[in-house]
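Listed here are the chains, written in short residue letters.
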Amino acid sequence: MSDYDDSDYDYSSNEDFDAVRARNQERAVKQRFGDACILCGYGQNAELVDVAPILAKRNVKHIRSLREWSTQLADFSPDQDDNLVCFCPNHHWEWMNGYFTIVPSPMVRKQMKEKEIEDFELRQQAVNNGSEDPGRKLLMPPQLPNEFEYIPVTGLPLLQIHNETPSLPETFAFFNEEIEEAPPIRGLEVLEVKKYPLRHWEIPVYAVLLAAYEPLNSSVPFKSAQSDAAVSEVTELVHMYLRPLTPTPSLPEPLSDQTITQIQADLATVQTVYPAGDTMVQAWESPDEAVGQGSSMDNPAGRIDDLGRDEDAMEPMDAEAADFPDSDDDTVVTPAVLASRLQWRHPRLGHGLGSMRLATSADFIIDPDEPQI
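Because the structure is predicted, anything quoted here is derived from the model rather than measured.

### Regarding the packing of aromatic side chains
Turning to step 1, where the next piece is worked out: A full pass over the atoms with the stated rule returns 13 aromatic pairs.
Turning to step 2, where the next piece is worked out: Judged by centre distance (5.6 Å) and plane angle (45°), the ring pair of Phe 100 and Tyr 150 falls under tilted. With Phe 100 in strand E3 (residues 100-104) and Tyr 150 in strand E4 (residues 148-152), the pair connects residues that are 50 residues apart, well separated along the chain.
Turning to step 3, where the next piece is worked out: Under the relative-accessibility criterion, Phe 100 is labelled buried at 1%.
Turning to step 4, where the next piece is worked out: Among the residues examined, Tyr 150 registers a relative accessible area of 6% and is labelled buried.

Right, dumping it as C-alpha cells:
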C-alpha cells in the first residue's frame, strides 16, 4: 500500500494524473526518510535529496526473476513505496554508477540460506513423493530483520561524513573503503572515523539482494573480509533461488490384463514350435563328417555358398575341379576347408537363414600323406 492518496487531485485541471501521482509519491518517500540521504544523513530538506529505486525499472530481467522466486514476491513492483529510497546528489550518482551497494547483513544472509536449504529439501521431498511443488516459502519481515550492510565496490577511497539523523543520531566520518586504522584528518579532529555501521531500513530485503548481485560480480570490490564475504554469500544465495527442483522420473504404465494374456499366449506358441533343448544351429563333429554330409546334393535344406547364392539353383561343382588362377593365396585348399565354407539351414525354418561352421586352425594343417588338389 502507498503512504499517500490522490484525494487532493484537481480533476478539472489539465495536469497529467500520473505526474501528480508521482509527485505525491516522491513527497511521501522523502517524508518517510526524514528528507535526508539514507547513507550520510545529508539534507534534511526535501529540495536537497533525490528519490531513487533499489531495483530499477530498467532491470526487467531481474524483476521478472524476483517475481518467480516465490508467490510472496509475485506482486513486486519497482514503483512500490518500499523500493524507493532517498539519496543526496553525490550518493545518488555513486549508487547509479555502482560505486557502492547495499546488501543484507551477514546475520540476515545466514538466516536466508538456512531457510532456503530447509525449504528446498521439503519441496524436493514432496515432488519425489508424487505431489506438486508447493512453492518456495521465504522468510519475510518481521521474522527476517531489515538489517543492511554498506559495501564499497569501486572508486577511489573517499572520506565521507555522516550527519546526525533521527534513525542514526551520530556524527562521524567514514571511508568508502574498509581500513584497519583511520589516519588523522586535519580540521576534523573532533570527528570519530569508524567503519560504517549496520543500518535498519524499511526496504525490500530480496530486491536489495538481487540489486547487489550485478555490481558485486561485474566489478572488482575492495579487497577486504567484508567485501569478499558479501560477494561470495550474495552470489550463492541468488544461485540457490534460481536452482530448479530435480524432477521425479516417470514410471512406465502397468500392462493391462489383455496385454498380459496376449504375451502369455505368444510365449506358449513359441515353446510349442521350439521345445526346450532344441537348437537351431547345426554343427558337425569333424571336418570329415562335414565333407560327408555336404557331398550329397540331396540335402533337403539345400545349401548356400559363401556369396549367399542358393546352390540348388546352381550347377554342382566338383571340389577337385575347383581352380583359382587369379588368387594370390598359396594356401592349399583341402576338402575340409571347402566344406567349412558352406552354410546349412535348419529344415524346420522356412527361410534362407542358416548356421555356419567356421574353419579352425586344425583344418589348415596339411597332412603330407594326403593327396593334394
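### Overview of a nonpolar patch on the surface
Turning to step 1, where the next piece is worked out: On the surface, a cluster of nonpolar side chains totalling about 350 Å² of accessible area is made up of Leu 255, Ile 260, Ile 263 and Leu 267.
Turning to step 2, where the next piece is worked out: Relative to the elements of secondary structure, Leu 267 occurs in helix H7 (residues 257-273).

### Looking at unusual backbone geometry
If a residue is not glycine, its phi is most likely negative; likewise, a peptide bond is most likely trans.
Turning to step 1, where the next piece is worked out: A cis amide bond links Pro 141 with the next residue in sequence, Pro 142, at an omega value of 10°.
Turning to step 2, where the next piece is worked out: Summarising the element assignment, Pro 142 is placed in the loop between helix H4 (106-128) and E4.
Turning to step 3, where the next piece is worked out: Its identity as a non-glycine residue notwithstanding, Asp 35 has a phi of 55°, on the positive side.
Turning to step 4, where the next piece is worked out: Tracing the backbone through its elements, the reader meets Asp 35 in the loop between helix H1 (17-32) and strand E1 (50-53).

### A few points about the confidence of the model for the protein
Turning to step 1, where the next piece is worked out: For the protein, per-residue confidence averages 75 on the pLDDT scale, and 61% of positions sit at 70 or higher.
Turning to step 2, where the next piece is worked out: Taken as a whole, residues 278-285 scores under 50 in pLDDT and shows 13 contacts with residues more than four places along the chain or in a different chain.
Turning to step 3, where the next piece is worked out: Note on residues 294-314: pLDDT is under 50 here. Beyond four places in sequence and across chains, it has 24 contacts.

### Observations regarding the pairing of strand E6 (residues 172-175)
Turning to step 1, where the next piece is worked out: Side chains Phe 172 and Phe 174 of E6 all project onto a buried face; the interleaved residues Ala 173 and Phe 175 project onto the opposite face, where all are buried too.
Turning to step 2, where the next piece is worked out: With 4 bridges connecting them, strand E5 (residues 159-162) and E6 associate as antiparallel partners. Across the sheet, Leu 159 pairs through a bridge with Phe 175, a residue of E6.

### Looking at the side chain of Asp 119
Turning to step 1, where the next piece is worked out: Topologically, Asp 119 is positioned in helix H4.
Turning to step 2, where the next piece is worked out: Despite its burial, Asp 119 pairs with no opposite charge; the closest candidate is Arg 123, at 4.3 Å N-O.

### Focus on the nonpolar core
Turning to step 1, where the next piece is worked out: Judged by nonpolar contacts, the single largest core of 51 residues is most densely connected at Leu 66, Trp 69, Met 112, Trp 201 and Tyr 206.
Turning to step 2, where the next piece is worked out: It is helix H5 (residues 205-218) that contributes the most residues to this core, 9 residues altogether.

### Examining the pattern of salt bridges
Turning to step 1, where the next piece is worked out: Here the structure, examined in full by the defined rule, presents 9 salt bridges.
Turning to step 2, where the next piece is worked out: For the salt bridge of Asp 79 with Lys 57, the shortest nitrogen-to-oxygen distance reads 3.2 Å. Linking Asp 79 in the loop between helix H2 (60-69) and strand E2 (84-87) with Lys 57 in the loop between E1 and H2, this pair joins segments that are 22 residues apart in sequence.
Turning to step 3, where the next piece is worked out: For Arg 109, the salt bridge goes to Glu 149, with nearest N and O atoms at 3.2 Å. Of this pair, Arg 109 sits in helix H4 while Glu 149 sits in strand E4, and the two are 40 residues apart along the sequence. You'll find Arg 109 and Glu 149 in the same group, each marked buried.
Turning to step 4, where the next piece is worked out: Three or more residues are tied together by salt bridges with common partners; here these are Arg 109, Glu 149 and Glu 233.

### Brief notes about the packing of H4 against helix H6 (residues 225-242)
Turning to step 1, where the next piece is worked out: Between H4 and H6, whose axes approach to 11 Å, the crossing angle comes to 25°. Between H4 and H6, the interaxial angle falls into the category roughly parallel. Here H4 and H6 pass one another in a crossing that is left-handed. Contacts between H4 and H6 involve Arg 109, Met 112, Lys 113, Glu 116 and Ile 117 from the first element and Ala 229, Ala 230, Glu 233, Val 234, Glu 236, Leu 237, Met 240 and Tyr 241 from the second.
Turning to step 2, where the next piece is worked out: Considering only residue class, the contact of H4 with H6 consists of 8 nonpolar, no polar and 5 charged.

### Details of H5
Turning to step 1, where the next piece is worked out: With 14 residues, H5 ought to run about 20 Å at 1.5 Å a step, and its terminal C-alpha atoms sit 21 Å apart, in line with that.
Turning to step 2, where the next piece is worked out: Counting buried residues in H5 gives 10 out of 14 residues, a clear majority hidden from the surface.
Turning to step 3, where the next piece is worked out: For H5, the set of buried residues is Val 205, Tyr 206, Ala 207, Val 208, Leu 209, Leu 210, Ala 211, Ala 212, Pro 215 and Leu 216.
Turning to step 4, where the next piece is worked out: Packed against the buried residues of H5 are H2, E3, H4, E4 and H6.

### A closer look at the side chain of His 91
Turning to step 1, where the next piece is worked out: Relative to the elements of secondary structure, His 91 occurs in helix H3 (residues 89-96).
Turning to step 2, where the next piece is worked out: Among the polar contacts made by the side chain of His 91, one reaches the side chain of Gln 160 at a distance of 2.3 Å.
Turning to step 3, where the next piece is worked out: Sequence-distant contacts of His 91, that is, excluding residues within four places in its chain, are made with Cys 37, Leu 39, Cys 40, Phe 100 and Gln 160.

### A word on H6
Turning to step 1, where the next piece is worked out: Here H6 spans 26 Å end to end across 18 residues, near enough to the 26 Å set by a 1.5 Å rise per residue.
Turning to step 2, where the next piece is worked out: Taken residue by residue, H6 has Gln 226, Ser 227, Ala 230, Val 234, Thr 235, Leu 237, Val 238, Met 240 and Tyr 241 as its buried positions.
Turning to step 3, where the next piece is worked out: On its buried side, H6 packs onto H2, E3, H4, E4 and H5.

### Section: the state of the cysteines
Turning to step 1, where the next piece is worked out: Using the criterion set out here, one finds 0 disulfides in the structure.
Turning to step 2, where the next piece is worked out: Left unpaired, Cys 86 is separated from the closest cysteine sulfur, that of Cys 37, by 8.3 Å.
Turning to step 3, where the next piece is worked out: With a relative accessible area of 0%, Cys 86 lands in the buried category.
Turning to step 4, where the next piece is worked out: The thiol of Cys 88 is unpaired, and the distance to the nearest cysteine sulfur, on Cys 40, comes to 3.8 Å.

Scoring rules and cut-offs
Residues numbered from 1 in each chain as written. Predicted model: local features only at pLDDT ≥ 70, side-chain atom pairs only at ≥ 80, totals over all residues. Heavy atoms only, no water. Phe/Tyr/Trp six-rings, centres within 6.5 Å; stacked < 30°, edge-to-face > 60°. Helix = DSSP H or I, 4+ residues; strand = E, 2+ residues; numbered from the N terminus. Buried < 20%, exposed > 50% of the residue type's maximum accessible area, 1.4 Å probe, protein only. Patch = residues over 30% accessible without salt bridge, like charges linked within 9 Å, V, L, I, M, F, W, Y side chains within 5 Å. Areas by Shrake-Rupley, 256 points an atom, 1.4 Å probe, with all protein chains shown as cover. Salt bridge = Lys/Arg side-chain N within 4 Å of Asp/Glu carboxyl O. pLDDT = per-residue confidence, 0-100. Contact = heavy atoms within 4.5 Å. Pairing = 2+ DSSP bridges. Lys, Arg positive; Asp, Glu negative; His and termini not counted. Core = buried A, V, L, I, M, F, W, Y, C linked by side-chain atoms within 4.5 Å. Axes fitted to C-alpha atoms, helices over the stretch in contact; angles between N-to-C directions. Parallel < 35°, antiparallel > 145°, perpendicular 65-115°, else oblique. Left-handed = near helix turned anticlockwise from the far one by under 90°. Nonpolar A, V, L, I, M, F, W, Y, C, P; charged D, E, K, R; others polar. Expected span 1.5 Å × (residues − 1). Polar contact = N/O pair within 3.5 Å; in protein donor to acceptor, adjacent residues only side chain to side chain. Disulfide = S-S within 2.5 Å.

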